[in-house]
Amino acid sequence: MSKEKDFIEKSFEEMTEDERLKYEITVELGLADKVKEEGWKALSASETGRIGGLMTKRKRQKTQEAED
């Protein structure tokens, strides 16, 4: 099984914190079906960048909340 398929087929509890965040954002952006059917490679650069940007933003927010 490829790393990509393994990630998609993992249960939410088996995912790392980063994988959970990535998957949650993918669902919110409406890209989960595309990823499940065609894999992460099917996403465009702009879609991938959007996911990465939102992940970074949320990680920063979480860090700031922990510091306050």
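Residues numbered from 1 in each chain as written. Predicted model: local features only at pLDDT ≥ 70, side-chain atom pairs only at ≥ 80, totals over all residues. Heavy atoms only, no water.

**Considering the overall build of the protein**
Assigned secondary structure in the protein consists of 4 helices and 0 strands. Ordered by position in the sequence, the α and β elements of the protein form the string α-α-α-α. Buried positions account for 26% of the 68 residues belonging to the protein. Taking as baseline every contact in the protein between residues at least 6 positions apart, the subset at least 24 positions apart corresponds to 49%. (Helix = DSSP H or I, 4+ residues; strand = E, 2+ residues; numbered from the N terminus. Buried < 20%, exposed > 50% of the residue type's maximum accessible area, 1.4 Å probe, protein only. Contact = heavy atoms within 4.5 Å.)

**Side note on the pattern of salt bridges**
One pass over the full model with this rule turns up 4 salt bridges. Of the charged contacts in the structure, one is a salt bridge between Glu 17 and Lys 62, with a shortest N-O distance of 2.5 Å. You can see Glu 17 sitting in helix α2 (residues 17–28) and its partner Lys 62 sitting in helix α4 (residues 45–67), a full 45 residues away along the chain. Taking the shortest distance from any N to any O, the salt bridge between Lys 34 and Glu 47 comes out at 3.2 Å. With Lys 34 in helix α3 (residues 32–38) and Glu 47 in helix α4, the pair connects residues that are 13 residues apart, well separated along the chain. Classification of Lys 34 as partly exposed rests on a relative accessible area of 27%. (Salt bridge = Lys/Arg side-chain N within 4 Å of Asp/Glu carboxyl O.)

**A closer look at the nonpolar core**
Most often, soluble globular proteins keep nonpolar side chains buried together rather than apart. Formed by Leu 21, Ile 25, Leu 31, Val 35, Trp 40, Leu 43, Ile 51, Leu 54 and Met 55, the largest nonpolar core amounts to 9 residues. Per-element accounting of this core gives the leading share, 3 residues, to α4. (Core = buried A, V, L, I, M, F, W, Y, C linked by side-chain atoms within 4.5 Å.)

**Here we look at the packing of aromatic side chains**
For the structure shown, the criterion picks out 0 aromatic pairs. Directly above the aromatic system of Trp 40 lies the positively charged group of Lys 22, at a separation of 4.2 Å from the ring centroid. (Phe/Tyr/Trp six-rings, centres within 6.5 Å; stacked < 30°, edge-to-face > 60°. Lys NZ or Arg CZ within 6 Å of the ring centre and 35° of its normal.)

**Describing the side chain of Thr 26**
Here Thr 26 lies in helix α2. Its relative accessible area of 0% is what places Thr 26 among the buried residues.

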